[in-house]
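Notes for the structure review
Spelled out from the first residue to the last, the chains are:
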Amino acid sequence: MNEQHPNQQRADPAQRGAPEFSAPDERSVPLQVQPAWQQQQQQQQQQQQQTVQQGAHPQQAWQQPGPPHAMEPRTYPQLLRGPRHTWWRPLVGVAVVLGLCLVVLVVMTVAMFVGLLLSGAELERLTNDETLLAEVGSKPWFLLLNNLLLAAGIPIAVLAVWIGHGWRPRWVNSVAPRIRWRWLALCSAVALAVQLLATAVLFAFDGVPEARGEDVLVLLLIVLLTTPLQAAGEEYFFRGWMTQALGSWFRSAMVSALIPALVTALLFAAAHGGQNFWLFVDRFAFGLLASYLTWRTGGLEAAIGAHTVNNVVVFVPVILAGTLEESLLITDAPWQVVVLDILVMAMLGALIVLLARRLAVRRTHDPAAQPGNAVPPQQRPPWQERDPHPGPVLVPPGPTG
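Below: a short report on this structure.

Cut-offs applied
Numbers given to residues run from 1 along each chain, matching the order in which its sequence is written. Selection of residues for local features in this predicted model requires a pLDDT of at least 70, selection of side-chain atom pairs for listing and counting requires 80 or more, and totals for whole chains, interfaces and linings are taken over all residues. Working from all heavy atoms in the structure, the side-chain values ignore hydrogens and water. Secondary structure elements are defined from DSSP: runs of H or I of at least 4 residues count as helices, runs of E of at least 2 residues count as strands, and each element is numbered from the N terminus. Expected span, for any helix, means 1.5 Å times one less than how many residues it has. Exposure classes here rest on a 1.4 Å probe applied to the protein chains alone. A residue is buried below 20% of its type maximum, exposed above 50%, and partly exposed in between. Each C-beta atom gives one direction from the helix axis, and the arc is the one those directions make. Here, the term nonpolar core denotes a set of buried Ala, Val, Leu, Ile, Met, Phe, Trp, Tyr and Cys residues that are joined through side-chain atoms within 4.5 Å. Pairs of residues are marked as contacts when any of their non-hydrogen atoms sit within 4.5 Å. A 3.5 Å cut-off defines polar contacts: any pair of N or O atoms within that distance qualifies, except that in protein one atom must be a possible hydrogen donor and the other a possible acceptor, and neighbouring residues in sequence count only when both atoms are side-chain atoms. Each Phe, Tyr or Trp ring (for Trp, its six-membered ring) is paired with any other whose centre lies within 6.5 Å, and the angle between the two planes then decides the class: stacked below 30 degrees, edge-to-face above 60, tilted in between.

Turning our eyes to something else, we now look at helix 9 (residues 253-270). Between the first and last C-alpha of helix 9 there are 26 Å, a value that for 18 residues agrees with the 26 Å anticipated at 1.5 Å per step. Taken together, the buried positions of helix 9 are occupied by Ser256, Ala257, Pro260, Ala261, Thr264, Ala265, Phe268 and Ala269. In a view along the axis of helix 9, the buried residues occupy a sector of 155 degrees, so they form one face of it.

Here it is, written out as structure tokens:
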């Protein structure tokens, strides 16, 4: 007879007869592995939560992280420095520009040779005579081709921004993003008043030119219709694409405005060909003025208006006087005229800036102000609460919107 040890406890009746099992082997339990798509979804949700905590909208979580502070308000030179910006994108834009410039130059060269042949020039002079272009410089068709060649800077610039940076062409116009036609008209009116005043001072000393040129009406019509396109082409190229591409490389807002202004003004002046020091200084100063107005007003309208009015006011008197050929080939300017011109530029810039302040012209792009990207106030970081330059124009959706 088996006696129960006093230290042994009597089994529960409910458990009597129940088989005793040892602890299950961990290897016998099947592992529940989550599918890859479910793991990726959880990671995206975690990233979205972190993005919201940092002040960005959840819809932006799918985008590449981009440079630091990519969701902060930024000025026109830094406009392309968004969430999808990487260091190599400006280089892609440069490749696009070089390819398109080559195509445009080939087309325009062929068109110019055809025009020369149709004008009666001999084949030998097309290749050997350096004075031929000087002779045809005042011809209407030559002026038209020249303006159309420079106007090609508009499609070149917008395609470089679209292909190279992934931003739609309208973002080259301004931070709005569109051409603010009322603002463009106001800037043009101010520029016209200043330029007419300066021209009147010059005429007071030199006299008013007499209308004795050839093809005056045709040349004036070409100037009035195509000079705005020519001036806009130069501004879209230098103050548009080139400024935004260079500015996207710098985190500092001041550096991104200063470096592109100096580089584009230097290249803009050098692109006008051979010139003496003072004429180079004059064109360099205008490049700086155009860059400053673009930065200060958040778009190209002021620079386009000033450039267009300047060229029209310069061309009309020389066409009336029959000296268009000489003006196209000018290579020097006296320092007195350059100093006066720089003073006129300074006056024009000051008036446009005062007008922009009075009208509260938008100068910054705020990603948080885009429809559908507004961040709730309780989740909004401090930098989104202080836009020092608020404007009445809302920014439409997205860098590719």
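This paragraph deals with the nonpolar core. Membership of the largest hydrophobic core comes to 49 residues, with the highest contact counts inside it found for Val172, Trp183, Tyr236, Phe237, Trp241, Leu348 and Ile352. Here the element with the most residues in this core is helix 8 (residues 216-247); it accounts for eight residues. Residues within four places of Tyr236 in sequence aside, it is in contact with Gly153, Ile154, Ala157, Val158, Val172, Asn173, Ile179, Trp241, Leu300 and Ile304. Listed in part, the eleven residues of the second largest apolar core include Leu143, Leu220, Val312 and Ile319.

Take the side chain of Ser248 next. With respect to the helices and strands, Ser248 occurs in the loop between helix 8 and helix 9. A distance of 2.7 Å separates the side chain of Ser248 from the backbone oxygen of Ala245, its partner in a polar contact. Those residues in contact with Ser248 that lie beyond four places of it in its chain are Pro77, Leu80, Arg81, His85, Pro90 and His165.

Right, let's talk about the packing of aromatic side chains for a bit. Summed over all chains, the structure comprises nine aromatic pairs. Taking 6.3 Å as the distance between ring centres and 15 degrees as the angle between the ring planes, the aromatic pair formed by Phe280 and Phe284 counts as stacked. Placement of both Phe280 and Phe284 in helix 10 (residues 277-297) is noted, with a separation of four residues, approximately one turn of the helix. Assessed through its relative accessible area of 24%, Phe280 is described here as partly exposed. Pairing Tyr292 with Trp295 gives two aromatic rings, centres 5.9 Å apart and planes at 45 degrees, and the pair type is tilted.

Everything listed here is a matter of coordinates, which is why it stays silent on function.
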